[in-house]
Amino acid sequence: MSISLSSLILLPVWISMAQIQQGGPDEKEKTTALKDLLSRIDLDELMKKDEPPLDFPDTLEGFEYAFNEKGQLRHIKTGEPFVFNYREDLHRWNQKRYEALGEIITKYVYELLEKDCNLKKISIPVDATESEPKSFIFMSEDALTNPQKLMVLIHGSGVVRAGQWARRLIINEDLDSGTQIPFIKRAMDEGYGVIVLNPNENYIEVEKPKIHVPSSSDSSDEPAEKRERKDKVSKETKKRRDFYEKYRNPQREKEMMQLYIRENGSPEEHAVYVWDHFIAQSAAENVFFVAHSYGGLAFVELMIQREADVKSKVTAVALTDSVHNVWHQEAGKTIREWMRENCCNWVSSSEPLDTSVESMLPDCPRVSAG
């Protein structure tokens, strides 16, 4: 007979057993009974924690979802929107499933940028070796040669990648709400070159190498009996450590390490890098930025580091719910004055579109996004 985790709460049992062991001889019978109970617990069942395998599909079809003609994510069979709580009382598993779907969405948006928007995927750093970590941006064919105007798009922080504003909106609303595609298509229709930044692609993940630690007996001159005792203690310690690790990480997820991308290790670094190697080299007489949330902070940092160059090329900046702060970022007076004349921050507000919204900061005007 084995007892499943769902039918037994172990902690009170262990506490009770410890209390009984502190009692007198009359408690021996209860101790024996508790030991018998614990001996019948199936530890493998315990370690599973009743969680299904974290093994998810790698395609939308595998998830049985697809985008319909309105750009809405719908279940192929039921036509229903995405359901987060696919399995009751398994939040971790549901979150992992959501993240797996999000990775597929990211690749799907990349495909749309190339196929529907006719953008080119450009690898960075531009001089990267074959073996080093790389990122990429997207550009229109005329991004560097258009003599008139260039549009640069920067998204916010988090899990979003190039071409996205908000993954949650893509999944729960539609592609037009959550991606930059409507901005890109309109800009191209109106004669702009386009560059799409990818400021959150700062590193690649690789599996951590396993480090072998030789046992003390490998090079010890101790007597055999003493060495055997130490080896026994070492094995018991390892057994307890493995027990804890399996409880903490029941499905043996791989331990990963991050390898940062040269000169693109943060959104701020990325913005400066793309400016130096692409935007500053463009032929456009007028450069325009659209920057959302943390993208606004990245733009202000770009101004601080390349003030004269930015002022000479950038005509206007549309910020949306920007989280920049000219005091914390130590933007100088000349930058603040330029931002008042050339930037506008559309913020979440219940006021009608373009209604002025008060700001505590002396930088750019804030108006309602409606």
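Each chain carries its own residue numbering, running from 1 in the written order of its sequence. Totals for whole chains, interfaces and linings use every residue, but because this is a predicted model, local features are given only for residues with pLDDT of at least 70 and side-chain atom pairs only at 80 or more, for both listing and counting. Only hydrogens and water are set aside when side-chain values are computed; all heavy atoms of the structure are taken into account.

## Considering the side chain of Gln164
Using the following cut-off: A run of H or I in DSSP becomes a helix once it reaches four residues, and a run of E becomes a strand once it reaches two; helices and strands are each numbered from the N terminus. Exposure categories follow from relative accessible area, calculated using a 1.4 Å probe and restricted to protein chains: below 20% of the type maximum is buried, above 50% is exposed, and the middle band is partly exposed. When checking whether two residues touch, look at their non-hydrogen atoms; a contact exists if any pair is within 4.5 Å.
Within the secondary structure, Gln164 sits in the loop between strand E5 (149-154) and helix H6 (167-172). Take Gln164: its relative accessible area is 0%, and that puts it in the buried class. If we skip the residues at most four places from it in the chain, Gln164 touches Thr106, Val109, His155, Ile170, Gly178, Thr179 and Gln180.

## Structural notes on the environment of Phe67
Tracing the backbone through its elements, the reader meets Phe67 in strand E1 (residues 65-67). Under the relative-accessibility criterion, Phe67 is labelled buried at 14%. When the C-alpha atoms of Phe67 and Ile171 are compared, they prove to be 9.4 Å apart, with 104 residues separating the residues in sequence. Discounting residues that sit within four places of it in the chain, Phe67 has contacts with Leu60, Gln72, Leu73, Ile105, Tyr108, Ile170 and Leu175.

## Here's the deal with the packing of helix H11 (residues 294-305) against helix H13 (residues 333-342)
In plain terms, the rule: Axis geometry follows a simple rule: fit a line to the C-alpha atoms, using only the stretch in contact for helices, then measure angles between N-to-C directions, giving values from 0 to 180 degrees. Every angle not falling under 35 degrees, over 145, or within 65 to 115 is termed oblique; those three ranges are roughly parallel, roughly antiparallel and roughly perpendicular. Take the far helix as your reference; a near helix turned counterclockwise from it by less than a right angle gives a left-handed crossing, and one turned clockwise gives a right-handed crossing. Under the grouping applied here, Gly and all other residues not named as nonpolar or charged are polar, the nonpolar ones being Ala, Val, Leu, Ile, Met, Phe, Trp, Tyr, Cys and Pro and the charged ones Asp, Glu, Lys and Arg.
The geometry of H11 relative to H13 is characterised by a closest axis approach of 10 Å and an angle of 130° between their N-to-C directions. Relative to H13, H11 is oriented oblique. Between H11 and H13 lies a crossing of right-handed hand. Contacts between H11 and H13 pair Phe299, Val300, Met303 and Ile304 from the former with Ile335, Trp338 and Met339 from the latter. Split by residue class, the contact of H11 with H13 holds seven nonpolar, no polar and no charged.

## A look at unusual backbone geometry
In the segment running from Ile124 into Pro125, the intervening peptide bond is cis, with an omega of -5°. Unlike most non-glycine residues, Glu64 shows phi in positive territory, near 65°. Relative to the helices and strands, Glu64 is located in the loop between helix H4 (60-63) and E1. Looking at Glu64, the relative accessible area reads 29%, which means it is partly exposed. Phi at Ser293 is positive, roughly 50°, even though this residue is not glycine.

## Here we look at the packing of helix H10 (residues 267-277) against H11
Following both chains from N to C, one finds H10 and H11 inclined at 55°, their axes separated by 9 Å at the closest point. When the axes of H10 and H11 are compared, the pair comes out oblique. H11 is crossed by H10, and the crossing has right-handed handedness. Contacts from Pro267, Glu268, Ala271, Val272 and Trp275 of H10 reach H11 at Tyr294, Leu297, Ala298, Glu301, Leu302 and Gln305.

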